[in-house]
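This is what each chain is made of:
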Amino acid sequence: VQLQASGGGLVQAWGSLRLSCAASGRTLSTYHMGWFRQAPGKEREFVAAITWDGFNTYYADSVKGRFTISRDNAKNTVHLQMSSLQPEDTAIYYCAARPSFRGSSPALPDPYNYWGQGTQVTVSS
């Protein structure tokens, strides 16, 4: 499955952005999905994840209450609504897919099989 992330850009602090992740080649409806981010000089970190059916969501403490992950299986897309953005949210954001969360945390990047190319989010103060 090929993943394409989009929706990044430049926004002022306390602003909002909505990221999208579109899939091609295979339906996303059987995959759990995650968003990760990587800032310059830092390791890739978990942001949010959602089960294939949308029933369960998971968030990093740093974004809880500000970001919302959702999915539309009919449109083969996953979204990340980001609000109250802060300069520390500046990073390249990646979407990723994996067939199961069984046996390992949704926050771990290694079990994700498929990754999008990333979209840049820059938050100015």
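Here, every reference points to the structure presented above.
None of these values were measured; they are calculated from a predicted model.

### Examining the packing of aromatic side chains
At step 1: Counted under the stated rule, the structure contains 7 aromatic pairs.
At step 2: Ring centres of Tyr 31 and Tyr 114 lie 5.8 Å apart, and the angle between their planes is 85°; this geometry places the pair in the edge-to-face category. Residue Tyr 31 is located in the loop between strand E3 (17–24) and strand E4 (32–38), and its partner Tyr 114 is located in strand E10 (residues 114–115); the two are separated by 83 residues in the primary sequence.
At step 3: On the basis of relative accessible area, Tyr 31 is assigned to the buried category, the value being 6%.
At step 4: Accessibility expressed as a relative area gives 24% for Tyr 114, which makes it partly exposed.

### Comments concerning the side chain of Asn 76
At step 1: Here Asn 76 is to be found in the loop between strand E7 (67–72) and strand E8 (77–82).
At step 2: Judged by its relative accessible area of 15%, Asn 76 is buried.
At step 3: In this view, Asn 76 contacts Cys 21, Ala 22, Ala 23, Arg 26, Thr 27, Leu 28 and Ser 29; residues no more than four positions away in its chain are not counted.

### A word on the pattern of salt bridges
Where side chains of opposite charge bring their charged atoms close, a pairing between them can arise.
At step 1: Taken as a whole and assessed by the stated rule, the structure comprises 4 salt bridges.
At step 2: One salt bridge in this structure joins Arg 37 and Glu 45, with 2.5 Å as the shortest N-O distance.
At step 3: Taking the relative accessible area as the measure of exposure, Arg 37 reaches 4% and is therefore buried.
At step 4: A salt bridge links Arg 37 to Asp 89; the shortest N-O distance between them is 2.9 Å. Taken as a pair, Arg 37 in strand E4 and Asp 89 in the loop between E8 and strand E9 (91–98) lie far apart in primary sequence, 52 residues in all.
At step 5: Residue class for Asp 89 comes out buried when judged on its relative accessible area of 1%.
At step 6: Salt bridges sharing partners connect three or more residues here, namely Arg 37, Glu 45, Arg 66 and Asp 89.

Quick notes on the rules
- Residues numbered from 1 in each chain as written.
- Predicted model: local features only at pLDDT ≥ 70, side-chain atom pairs only at ≥ 80, totals over all residues.
- Heavy atoms only, no water.
- Phe/Tyr/Trp six-rings, centres within 6.5 Å; stacked < 30°, edge-to-face > 60°.
- Helix = DSSP H or I, 4+ residues; strand = E, 2+ residues; numbered from the N terminus.
- Buried < 20%, exposed > 50% of the residue type's maximum accessible area, 1.4 Å probe, protein only.
- Contact = heavy atoms within 4.5 Å.
- Salt bridge = Lys/Arg side-chain N within 4 Å of Asp/Glu carboxyl O.

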